[in-house]
Amino acid sequence: MKIVIENVIKKFIDAKKNEVTALNDINFSINEEEFVVLVGPSGCGKSTLLNIVGGLLSPTSGDVYFDGIEQDPTLGIVFQENALFPWRTVFQNVVYGLEERGASKKEQKEIGNHYLDMVGLADFRDAYPKQLSGGMKQRAGIARALAVEPDLLLMDEPFSALDAQTRTLMQEELLTIWNRTRLSTLYVTHNIQEAVYLADRVIVLSRHPGQIKQIIHIDLPKT
Ligand code: ADP
Ligand code: ADP
């Protein structure tokens, strides 16, 4: 799916009743099968933009189009951490979205197992989140996001809480997984190295006042 972000402005009113411009006229698109990374310092508006693209937050003005129209896309979202339901097994977490939309048990089993295999957690399907390492939890989170077969994959600093070695490993694994699905993806990080490694295109946001500073096209194909 192609996503077009047009003239997006977002203003908040802070605790002192001052108006804060978090995003000031943002324009870019995420093409079909494109991995776009948003990078920038803390407070530059990355999460706000991700939430607006995902329809979780309304812009003050501007529009987000999905294949040319304003609609609610199916989203797969991966958060930084702690987003798994602790009382559900890995498998039950992965099929959560399918269950919510009324998929049959058979369908849940097929799709759930497929994505558990893809992220290398087949042997942990009946484990509970607390039994998993940090990297494994994020892999379960990725499987859960993919299981709904989304139009758009949103990832908000998914590996930031991991140690450096695990983070590098997870970046490699994410690309292997991503190449099997090639979903339009918007990935947020404050780490420029991670951005350049993962992205087809890097959108650099500047701190003041939430504007695009530069768009970097990465021409090397991801392997
Ligand atoms: P980032 O994800 O890049 O760290 P955010 O999108 O979280 O940045 O925040 C961008 C700016 O908007 C910051 O100045 C932040 O304080 C402000 N902001 C974000 N959410 C709110 C909110 N709900 N109310 C007031 N200000 C907010
Ligand atoms: P679903 O929302 O799909 O029915 P569950 O059946 O796992 O998910 O749980 C139903 C609701 O009950 C959850 O949304 C949650 O708020 C609450 N809940 C269930 N089990 C627990 C638990 N062990 N700890 C905290 N909350 C729980």
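Residues numbered from 1 in each chain as written. Chains lettered and ligands numbered in written order. Predicted model: local features only at pLDDT ≥ 70, side-chain atom pairs only at ≥ 80, totals over all residues. Heavy atoms only, no water.

The name given to the protein chain in an unreviewed UniProt entry is ABC transporter ATP-binding protein, with Oceanobacillus aidingensis as the source organism.

This part takes up the pairing of strand β7 (residues 184–189). Counting buried positions over the six residues of β7 gives six, a clear majority of the element. Of the two faces of β7, the one lined by Ser184, Leu186 and Val188 and the one lined by Thr185, Tyr187 and Thr189 are each fully buried. As judged from the five bridges shared by strand β3 (residues 35–39) and β7, these two strands associate in the parallel manner. Paired with valine 37 across the two strands is tyrosine 187, which belongs to β7. Direction of pairing for strand β6 (residues 152–156) relative to β7: parallel, over a ladder of five bridges. When the bridges of β7 are listed, methionine 155 appears paired with tyrosine 187. After leaving β6, the chain enters helix α6 (residues 164–181) and then returns to the sheet as β7, a path that is right-handed. (Buried < 20%, exposed > 50% of the residue type's maximum accessible area, 1.4 Å probe, protein only. Helix = DSSP H or I, 4+ residues; strand = E, 2+ residues; numbered from the N terminus. Pairing = 2+ DSSP bridges. Right-handed = clockwise from strand over helix to strand, strands pointing away.)

Moving on, we come to the site of ligand 2. Close contacts around ligand 2 come from Trp87, Arg88, Tyr96, Glu99 and Glu100, and that covers them all. Separating an oxygen atom of ligand 2 from a side-chain N or O atom of tryptophan 87 is a distance of 2.6 Å. Here ligand 2 loses 35% of its free accessible area of 530 Å² to cover by the protein chains. Of the residues contributing to the shell around ligand 2, the split by class is two nonpolar, no polar and three charged. (Near = heavy atom within 4 Å. Polar contact = N/O pair within 3.5 Å; in protein donor to acceptor, adjacent residues only side chain to side chain. Areas by Shrake-Rupley, 256 points an atom, 1.4 Å probe, with all protein chains shown as cover. Nonpolar A, V, L, I, M, F, W, Y, C, P; charged D, E, K, R; others polar.)

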